[in-house]
Amino acid sequence: MKNKYSIFSLVKNAFSYHENWEKAWKDPEPKKEYEIVIIGGGGHGLATAYYLAKKHNLKNIAVVEKGWIGGGNTGRNTTIIRSNYLWDASAGLYDHALKIWEGLSQELNYNVMFSQRGVMNLAHNLQDVRDLKRRTHANRLNGIDAVYLNTEQVKKFCPIINTSPDIRYPVLGGTLQRRAGTARHDAVAWGYARGADEMGVDIIQNCEVKGIKRNGNSVEGIETTKGFIKTKKIGVVAAGHSSVIANMAGLRLPLESKPLQALVSEPVKPIIDTVVMSNAVHAYVSQSDKGELVIGAGTDDYISYSQKGSHDIVEGTLNAILELYPIFSRMRMLRQWGGIVDICPDASPIISKTSIKGLYFNCGWGTGGFKATPGSGDLFAHTIANDEPHKLNAAFNLNRFVSGDLVDEHGAAAVAH
Amino acid sequence: MFVINCPYCGEREQSEFKAGGEAHIVRPKQPTELSDDQWAEYLFMRKNIKGIQFERWVHTHGCRKWFNVVRDTSNDEITAVYKMGEKPPTNK
């Protein structure tokens, strides 16, 4: 049993200069065989392992990660959490996640710093206004909190926005989801890792998957840089590298992997206490607890695994940021980076069985996977444990690309992809 | 960001171009005879290769012509450029 984190454990460890904290998770070598192997030790993968152990009482589970846990897109995103999606299936999926976020710190005994500071989406033209109003109504019909704001209300909610009618893309209104917000990305991976480890999950880092061994139409195990691991069930949660793993199993997926960039400024005093996103000009901004402005840019339109994007994408985003927030004109940017996101043709994820027995994929989250981490793990665990999807992820199967029953969130999901 | 050598205009910055995705996907000759699975393969399924990829680009802010590029998607290095209809430089 792990020591519970609390004010008392903090005080106790202060007496030994914080040098005797118990390791949050072990660093084991892989066993020869597991019941289930999860490929990918990001938030989604670790959450999947956690819920497999916790809700489905499965014990012999491993998570294999080629680098270090949370070192991929989990540590590279802009940590925005919201559930104001247009379509019923998406609303169900993302609000399921949001509800878990609300109690996650308590459940994990790990502060994920979930902050419901609200997410505001801006409208810059008549079509935006109509789309945002429509989405607000759709959200409310699905029980998701959403309000439409006019320009003055936008200004009141976030006073540093330039709402002058004379700017290139004037602010005509916006939507607000107050339950939305941000969380600490690393803490999510670490909290799930600690919780999964406590229930006996082996988290194996620096272990790259090199091949998937099949026997006819079922899986037998994986070849890794730490040797062969036998297993009957494989859950792939490899984000941008999902197609690479799929190719090892002889599958093709409807995915394209592209660089998505973000950047942070030097830390400053609190200036923006919410998250503001703009679809039309593609700029979104929030402020981290350290004081950095966290700015999300767009994806490049070419396939790349290079984890670096084009400068013109960043330039376009910063142009929009400066037009909307003239107060930031002298801010200096501290860091800029790219992550590789796997984008589906309908901009909705895949949480699904495949044509190969024992092989499951959780991928296609594109530019917006972080917000779904707890819900995605929960539903993927359900899908793997029961070999059947949960009703909340039934629509997000691979077969929708054959049947044509797509969940088309491109442009509908409050952000351009 | 990288430079693409347009076969018509010469070397230009990548931001002048638009990517057209995987090249050499042949449009079905008899669309009416395709099953749903075959349509899904043609429309949606992609190799999405990490490594050498044959892909299409269009010089949107230049000659507006389409052409093919061979690029390593792991480091964005371009090894060949060839016109539409020309044979790919190596066996794909």
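Note that the coordinates shown come from a computational prediction; the quantities given were computed from them, not determined experimentally. (Residues numbered from 1 in each chain as written. Chains lettered and ligands numbered in written order. Predicted model: local features only at pLDDT ≥ 70, side-chain atom pairs only at ≥ 80, totals over all residues. Heavy atoms only, no water.)

Next up on the list: the nonpolar core. Residues and elements named next belong to chain A. The biggest cluster of nonpolar side chains holds 48 residues, and the ones touching the most others in it are Trp-101 and Tyr-192. Of all the elements in the fold, those that place two or more residues in this core are strand 1 (33-39), helix 2 (43-56), strand 2 (61-64), helix 3 (88-108), helix 6 (185-198) and helix 9 (373-386). Those residues in contact with Tyr-192 that lie beyond four places of it in its chain are Gly-43, Leu-46, Ala-47, Tyr-50, Tyr-51, Ile-100, Leu-104, Leu-108, Thr-373 and Pro-374. Counting 31 residues, the second-largest nonpolar core is a separate cluster that includes Val-236, Ile-245, Leu-253 and Cys-363. (Core = buried A, V, L, I, M, F, W, Y, C linked by side-chain atoms within 4.5 Å. Buried < 20%, exposed > 50% of the residue type's maximum accessible area, 1.4 Å probe, protein only. Helix = DSSP H or I, 4+ residues; strand = E, 2+ residues; numbered from the N terminus. Contact = heavy atoms within 4.5 Å.)

Moving on to the interface of chain A and chain B. Counting residues at the interface gives 26 residues for chain A and 26 residues for chain B. Summed over both partners, the interface of chain A with chain B comes to about 2,200 Å²; 51% of that surface belongs to carbon and sulfur atoms. On the chain A side of the contact with chain B, A:Arg252, A:Tyr302 and A:Ile303 bury the most area, a combined 29% of that side's loss. Counting across the chain A and chain B interface gives three salt bridges. A salt bridge links B:Lys18 to A:Asp301; its shortest N-O distance comes to 3.0 Å. (Buried area = accessible area lost by both parts, 1.4 Å probe. Salt bridge = Lys/Arg side-chain N within 4 Å of Asp/Glu carboxyl O.)

What follows is about the pairing of strand 9 (residues 209-215) of chain A. All names here are of chain A. When strand 9 meets strand 10 (residues 218-224), the two strands line up antiparallel, connected through six bridges. Its bridge partner lying in strand 10, Lys-213 is registered against Gly-221. A loop of two residues connects strand 9 with strand 10, the two strands running antiparallel in sequence, and Gly-216 in this loop sits at a positive phi of about 65°. (Pairing = 2+ DSSP bridges.)

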